[in-house]
Amino acid sequence: MIAKNLVQVIARIREAELRFSRKPCSVSLLAVSKKQSVGKIQEAIEAGQVAFGESYLQEALIKIPQFQVEWHFIGSIQSNKTRKIAEQFSWVHTVSDIHVARRLSQQRPQHLPPLNICLQVNISQEAEKSGIAIEDVEPLAAYCSTLANLKLRGLMAIPAYKKDFMEQRTQFHLLKLLWDELNKKQFHLDTLSMGMSEDFEAAIAEGATLVRIGSAIFGQRA
Ligand SMILES: *Cc1c(COP(=O)(O)O)cnc(C)c1O
């Protein structure tokens, strides 16, 4: 079941790369396993999946010791949780303020490589959504670049839900433009983390390098 879903999702990613003139295999898949059982994670690993995303720290801390895979934190970050995140994850996609960034760098254990981070951008400018405003991205990127134990890899967004494919593309396009702008300056970003089960093809059309997919692989969450 999980293996079959994974094959289908990967096939759709490869088709979208072709259809939108993206380089073959330029889009990687993060399997979002939040609120999914360890049995399902095991199945996905046996089917070859290597990168997993979790949103809730307490839940993730139970799963992480059980599997030698690449763990990405994709949930909102309370500053009293940064130590465990810095210790246990390879990536954090949801950095959106300097205090959290500074703490993650300070608390990253020295025997580990730098923590890979993406800045979360509130691309649809929704008051209730997390992420920084577009105009604050460059200053935060500049600050993060000075932190010894972080490696700034790119940008991430969760746009407002749209059913229409072209409307989905319009929102992802904004994040791509911002990413291109930073890459014309002193930043060397290689990651554009955008697209979920309902909109990942539109994200690939607009340049996503990593899609975060949960329910299309694992089914409905508990
Ligand atoms: C839950 C979640 C996903 C996956 O959502 P699906 O719609 O199940 O694919 C992706 N990104 C983030 C940040 C999430 O919280």
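Note: the structure precedes this text.
Only a predicted model underlies this, so the values are computations on that prediction, with no experimental measurement involved.

A. Just the pairing of strand E2 (residues 51-54), in detail. Burial along E2 is two-sided: Ala51 and Gly53 facing one way and Phe52 and Glu54 facing the other are all buried. Across 2 bridges, the pairing between strand E1 (residues 28-32) and E2 is parallel. Within E2, the residue paired with Ala31 across the bridge is Phe52. Taking the sense of rotation as the criterion, the β-α-β connection linking E1, helix H2 (residues 38-46) and E2 turns out right-handed. The sheet contact formed by E2 and strand E3 (residues 70-73) spans 4 bridges and is parallel. If you follow Gly53 over to E3, its bridge partner there is His72.

B. Representation of helix H6 (residues 137-145) within the structure. For H6, every residue scored as buried is listed here: Val137, Leu140, Ala141 and Cys144. The arc that holds every buried residue of H6, seen down its axis, measures 105°, which confines them to one face. Buried residues belonging to H6 abut strand E4 (91-95), helix H5 (98-107), strand E5 (115-120), strand E6 (150-156) and helix H7 (165-184).

C. Main features of helix H1 (residues 2-19). Compared with the 26 Å implied by 1.5 Å per residue over 18 residues, the 25 Å span of H1 between its first and last C-alpha is a close match. For H1, the complete set of buried residues consists of Ile2, Asn5, Leu6, Val9, Ile13, Ala16 and Glu17. On an axial view of H1, the arc spanned by its buried residues comes to 115°, and they lie on one face. Facing away from the buried side of H1 by over 90 degrees, the exposed positions are Lys4, Val7, Leu18 and Arg19. Buried residues along H1 sit in contact with E1, H2, helix H8 (200-205), strand E8 (210-213) and helix H9 (215-218). Two residues or fewer after H1 comes Ser21, characterised by a positive phi angle close to 55°.

Cut-offs and rules
Residues numbered from 1 in each chain as written. Predicted model: local features only at pLDDT ≥ 70, side-chain atom pairs only at ≥ 80, totals over all residues. Heavy atoms only, no water. Buried < 20%, exposed > 50% of the residue type's maximum accessible area, 1.4 Å probe, protein only. Helix = DSSP H or I, 4+ residues; strand = E, 2+ residues; numbered from the N terminus. Pairing = 2+ DSSP bridges. Right-handed = clockwise from strand over helix to strand, strands pointing away. Arc of directions from axis to C-beta. Contact = heavy atoms within 4.5 Å. Expected span 1.5 Å × (residues − 1).

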